[in-house]
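Coordinate inspection notes
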Amino acid sequence: MAERLWAPWRLEYIEQADKSGGCIFCDKPIEKDDAGNLLVFRGETAFVMLNAFPYSHGHLMVAPYRHSAELDELTDAEMLEMFRLLRECRKWLISAYSPQGFNIGANLGRAAGAGIEGHIHIHVVPRWSGDTNFMPLLADVRVMPEALQKTYERLSEEAHK
């Protein structure tokens, strides 16, 4: 008998992935609904957004406001602020969740795993010993221990201390 594991929240991701046009990293900051769009912090040239479809709870993304796909296209000011924000993300996550490590990186191009190719962004994923189990391997499902909005509230509070 085949067992079923229901993950109805994944439908939003699947449907969103099928839509063409628009860029979340351009569109969401313009909307001025930071809580609804999971924007944790706004800088001058870059911002921090919680990943709505995280690999791990607390999964943040740092992106420039300006639409750019390549590192070579970023200004020095954008690059500097993005890396300063990466440092801040780490501090916020340590304060809020006490992770034991981090995965920090960018996927440049579809072949490298970029889900959104047209707008460069850097992932900051907190990690804990034993945080992965058989679920992602066997069922392509991740178990999140906290509701996304609660994670947003905790990290937004850390970012604005």
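The sections below set out a description of the structure shown in this document. Since the model is a prediction, treat every value here as computed from it, not as a measurement.

With respect to the overall build of the protein chain
Tallying secondary structure elements over the protein chain gives six helices and five strands in all. Across the protein chain, helices and strands are ordered from the amino to the carboxyl terminus as α-α-α-β-β-β-α-β-β-α-α. A burial count over the protein chain gives 37% of its 161 residues as buried. Across the protein chain, every contact between residues at least 6 apart in sequence was considered, and the portion connecting residues at least 24 apart equals 63%. Here the protein chain displays about 10,000 Å² of accessible surface, and carbon together with sulfur accounts for 53% of that area.

Quick look at helix H6 (residues 148–159)
The first and last C-alpha atoms of H6 sit 16 Å apart over twelve residues, in line with the 16 Å expected at 1.5 Å per residue. Taken as a whole, H6 has its buried residues at Thr151, Tyr152, Leu155, Ser156, Glu158 and Ala159. With its buried residues spanning 155° around the axis, H6 presents them on a single face.

Some words on the nonpolar core
The biggest cluster of nonpolar side chains holds 23 residues, and the ones touching the most others in it are Val40, Val48, Leu60, Val62, Trp92 and Leu155. At the level of elements, strand E2 (46–50), strand E3 (60–64), helix H4 (76–97), strand E5 (122–127) and H6 are the ones that each hand at least two residues to this core. No other element matches the eight residues that H4 contributes to this core. Once residues lying within four places of it in the same chain are set aside, the contact partners of Val48 are Leu38, Leu39, Val40, Phe41, Leu60, Met61, Val62, Leu85, Cys89 and Trp92. One finds Cys26, Phe47, Met49 and Ala63 within the second-largest nonpolar core, a separate group that totals eight residues.

Remarks on H4
In this model, H4 (22 residues) spans 31 Å end to end at C-alpha, consistent with the 32 Å of a helix rising 1.5 Å per residue. Along H4, the residues classified as buried are Glu78, Glu81, Met82, Leu85, Leu86, Cys89, Trp92, Leu93, Ala96 and Tyr97. Relative to the axis of H4, the buried residues are bounded by an arc of 155° and lie together on one face. The outward face of H4, more than 90 degrees from its buried face, is lined by the exposed residues Asp76 and Phe83. On the buried face of H4, the contacting elements are strand E1 (39–42), E2, E3, strand E4 (101–105), E5 and H6. In the segment just after H4, Ser98 is the residue with positive phi, at about 50°.

Quick word on the sheet that holds E2
Overall, antiparallel pairing links the five strands, which are arranged E1-E2-E3-E5-E4 in an open sheet. Of all the strands in the sheet, the pair left with one neighbour each is E1 and E4. Strand-to-strand twist in this sheet, taken as the mean axis angle between neighbours without regard to direction, amounts to 20°. Of the strand pairs in this sheet, E2 and E3 are connected by five bridges, and their pairing is antiparallel. By the bridge assignment, Met49 is partnered in E3 with Met61. Running over the sheet, H4 touches E1, E2, E3, E4 and E5 and is turned about 165° from E3. Contacts from H6 reach E1, E2 and E3, with the element oriented near 20° to E1.

Details of the packing of aromatic side chains
Considering all chains together, one arrives at three aromatic pairs under this definition. Seen in terms of ring centroids, Phe25 and Phe47 are 6.5 Å apart; in terms of plane orientation they differ by 45°. Their pairing is tilted. Residue Phe25 is found in helix H2 (residues 24–31), and its partner Phe47 is found in strand E2; the two are separated by 22 residues along the sequence. The buried category is assigned to Phe47, whose relative accessible area is 0%. Grouped by ring-pair contacts, the aromatic residues Phe25, Phe47 and Tyr65 constitute a single cluster.

Conventions and cut-offs
Residues numbered from 1 in each chain as written. Predicted model: local features only at pLDDT ≥ 70, side-chain atom pairs only at ≥ 80, totals over all residues. Heavy atoms only, no water. Helix = DSSP H or I, 4+ residues; strand = E, 2+ residues; numbered from the N terminus. Buried < 20%, exposed > 50% of the residue type's maximum accessible area, 1.4 Å probe, protein only. Contact = heavy atoms within 4.5 Å. Areas by Shrake-Rupley, 256 points an atom, 1.4 Å probe, with all protein chains shown as cover. Expected span 1.5 Å × (residues − 1). Arc of directions from axis to C-beta. Core = buried A, V, L, I, M, F, W, Y, C linked by side-chain atoms within 4.5 Å. Pairing = 2+ DSSP bridges. Axes fitted to C-alpha atoms, helices over the stretch in contact; angles between N-to-C directions. Phe/Tyr/Trp six-rings, centres within 6.5 Å; stacked < 30°, edge-to-face > 60°.

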